[in-house]
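Next come the chains, spelled out residue by residue.
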Amino acid sequence: MSVLSGKKILLGVTAGIAAYKTAYLVRLFIKAGAEVQVIMTPAAKDFVTPLTLSTLSKNPVHSTFYDKKDDNETWNNHVDLGLWADLFIIAPATANTLSKMSDGICDNLLLATYLSAKCKVYIAPAMDLDMYKHPSTLKNLTTLVSYGNRIIPAESGELASGLVGEGRMAEPERIVSFIEQDLLDGLPLHHKKILITAGPTYEAIDPVRFIGNHSSGKMGFELAKVAAKLGAEVYLVSGPSNETVNHTLIHRIDVVSAEEMYSACHQYFETVDIAILSAAVADFKPSEVAAQKIKKKSATMSLELVPTKDILASLGAIKQSQFLVGFALETNDEVANATAKLERKNLDMIVLNSLQDKGAGFKNSTNKVTIIHADKRMVIFELKSKTYVAEDIFNEILNEKYA
Ligand code: CTP
């Protein structure tokens, strides 16, 4: 999944020959999971048809301050369009449009939307080489950068005039990767690696039976999604879970038993910056796994159980600069028990769920947590969906480790 997934993209098309490439650009944005609306300057319609762009973007194309349909006129609100967008991309941006943008002229819908937009604006200039080199164009680009806009540099190549040089609009793939990289660079956990455990573990009794628990894995998967949204590369070590995830920054490692989870965690721990162990690991496993299915021979049956390895404690014992977070599910003396766990396992932070709280715990889609820091500082949160709980957890981590 791209960082553009779920983003609302406003594409502004101006009257350059490169406008024909915006059909493909819209396709790439849609493929990346973005929602797209297009504004064209009136003259841009001579280069690519609104029908093409509305069909590809699945939205009507805006071009004038109002639309006339039969006897009805509908106002195209440039302020609303600007507020709707998470990102405004002006491609191709002609020398004429650059000049107007730099001077604050707004004699068409695209320019009025630019002036009222509060989101990030990316500009992909396109013009002939001498126009691109002209001092007034260079001055306009410098001014536009000083206003906080990002320029996607034009490329060198054959131009519509037949001349060869700099001024060709960046290729659509290049525009998309430029924006993706720029968004990633601005994320607080970009270049950070995070280990997250999720779900239950199954401890085999025989080839068909196991000891397990009701953990859904949802909390760990939500943590992984939030971490990726913040730009981190995530190693998600998951026990058996029906949860799914699809993000280029999330590497899912499926395991079954506590022993397998232990090995996977130790494989990645050394290289990560943060580890969050939210899995509901079985505390005990059968001392022996029967090679064949156990037959019922008598009315009762006993299983000898032995402890599994405590993964969290083992990481706490070897941690260096990693920020280590554990979970504690408690039924009584919650804060005291969780604080004791935090100290015993050498953690930087523990997330406490109390089974006394309705809607908390590992089976629900909601959770109510209290976060306890290493210095015993406590932050109590309301009951909320696990997505928001995951955001709260990362806010605490960011404040503590990267503030
Ligand atoms: N955990 C772990 N490995 C285990 C057991 C637990 O990594 N074998 C981790 C969980 O992922 C969670 C934390 O330890 O982050 C909480 O474990 P919990 O079972 O509540 O703590 P215990 O120390 O086992 O204490 P108790 O069962 O007595 O509450």
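Residues numbered from 1 in each chain as written. Predicted model: local features only at pLDDT ≥ 70, side-chain atom pairs only at ≥ 80, totals over all residues. Heavy atoms only, no water.

Tell me what's going on with unusual backbone geometry, and back it up with residues and numbers.
Cis geometry is adopted by the peptide bond preceding proline 92, which originates at alanine 91 and carries an omega value of -5°. Mapping proline 92 onto the fold places it in strand β5 (residues 87-93). Here asparagine 346, not a glycine, exhibits a phi torsion of approximately 60°, which is positive. Here asparagine 346 shows up in the loop between α12 (334-344) and β19 (349-354). (Helix = DSSP H or I, 4+ residues; strand = E, 2+ residues; numbered from the N terminus.)

Tell me about the side chain of histidine 190, and please be specific about residues and values.
Here histidine 190 is to be found in the loop between α8 (172-185) and β10 (193-198). At 3.4 Å, the side chain of histidine 190 forms a polar contact with the side chain of histidine 191. With residues near it in sequence (within four places) discarded, histidine 190 still touches Gln181, Leu184, Asp185, Leu230 and Gly231. (Polar contact = N/O pair within 3.5 Å; in protein donor to acceptor, adjacent residues only side chain to side chain. Contact = heavy atoms within 4.5 Å.)

Describe the layout of surface pockets, with residues and values.
The calculated volume of the largest pocket comes to roughly 770 Å³. Together, 35 residues line the largest pocket, and Ala279, Ala280, Val281, Phe327 and Leu329 are the ones closest to its centre. Of all elements in the fold, only β10, α9 (218-229), α11 (311-318), β18 (323-330) and α12 reach the threshold of two or more residues within the lining of the largest pocket. Here the lining of the largest pocket is composed, by residue class, of 14 nonpolar, 13 polar and eight charged. (1 Å grid on protein atoms, 1.4 Å probe; cavity = no way out; pocket = protein on both sides within 12 Å on 5 of 7 lines; lining within 4 Å. Points joined across faces, edges and corners; volume = space filled by probe spheres on them. Nonpolar A, V, L, I, M, F, W, Y, C, P; charged D, E, K, R; others polar.)

With reference to specific residues and values, describe the sheet that holds strand β2 (residues 35-40).
Reading across the sheet, the five strands line up as β2-β1-β5-β6-β7 and stay open at both edges, with parallel pairing between neighbours. For this open sheet the edge positions go to β2 and β7 (150-151), each flanked by a neighbour on one side alone. In this sheet, β7 lies alongside strand β6 (residues 120-125) in parallel orientation, the contact comprising two bridges. Its bridge partner lying in β7, tyrosine 122 is registered against arginine 150. Running over the sheet, helix α2 (residues 50-57) touches β1 (8-13) and β2 and is turned about 165° from β2. Packed onto the sheet, helix α5 (residues 109-116) meets β1, β2, β5 and β6 and runs at close to 140° relative to β5. (Pairing = 2+ DSSP bridges. Axes fitted to C-alpha atoms, helices over the stretch in contact; angles between N-to-C directions.)

Before we move on, can you summarise the packing of helix α4 (residues 95-103) against helix α7 (residues 135-146) with the specific residues and values?
At a minimum axis separation of 9 Å, α4 and α7 run at an interaxial angle of 50°. Comparing their axes, α7 and α4 come out oblique. Crossing geometry of α4 relative to α7 is assigned as left-handed. Counting all contacts with α4, which are made through Ala95, Leu98, Ser99, Met101 and Ser102, the residues of α7 involved are Thr137, Asn140, Leu141, Thr143 and Leu144. When grouped by side-chain class, the residues that make up the contact of α4 with α7 number five nonpolar, five polar and no charged. (Parallel < 35°, antiparallel > 145°, perpendicular 65-115°, else oblique. Left-handed = near helix turned anticlockwise from the far one by under 90°.)

Which residues make up the packing of aromatic side chains, and what values do they have?
Summed over all chains, the structure comprises three aromatic pairs. An angle of 85° between the planes, with centres 6.4 Å apart, marks the rings of tyrosine 122 and phenylalanine 178 as edge-to-face. Placement of the pair is tyrosine 122 in strand β6 and phenylalanine 178 in helix α8, with a sequence separation of 56 residues. Residue classification places tyrosine 122 among the buried positions, given a relative accessible area of 0%. Its guanidinium or amino end placed over the ring of tyrosine 262, lysine 309 lies 4.4 Å from that ring's centre, counting from NZ or CZ. (Phe/Tyr/Trp six-rings, centres within 6.5 Å; stacked < 30°, edge-to-face > 60°. Buried < 20%, exposed > 50% of the residue type's maximum accessible area, 1.4 Å probe, protein only. Lys NZ or Arg CZ within 6 Å of the ring centre and 35° of its normal.)

How would you summarise the site of the ligand if you had to cite specific residues and measurements?
Around the ligand lies a shell of 15 residues, among which Leu277, Ala279, Leu312, Phe327 and Lys341 are the nearest. For the ligand, an oxygen atom lies 2.8 Å from a polar atom in the side chain of lysine 341. Taken by itself the ligand offers 570 Å² of open surface, and the protein chains cover 77% of this. Comparing atom positions with the cavity grids shows the ligand to sit within the largest pocket. Going through the elements one at a time, α11, β18 and α12 are the ones with two or more residues in the shell around the ligand. Split into classes, the residues belonging to the shell around the ligand amount to seven nonpolar, two polar and six charged. (Near = heavy atom within 4 Å. Areas by Shrake-Rupley, 256 points an atom, 1.4 Å probe, with all protein chains shown as cover. Sits in = over half its atoms within 2 Å of the grid points.)

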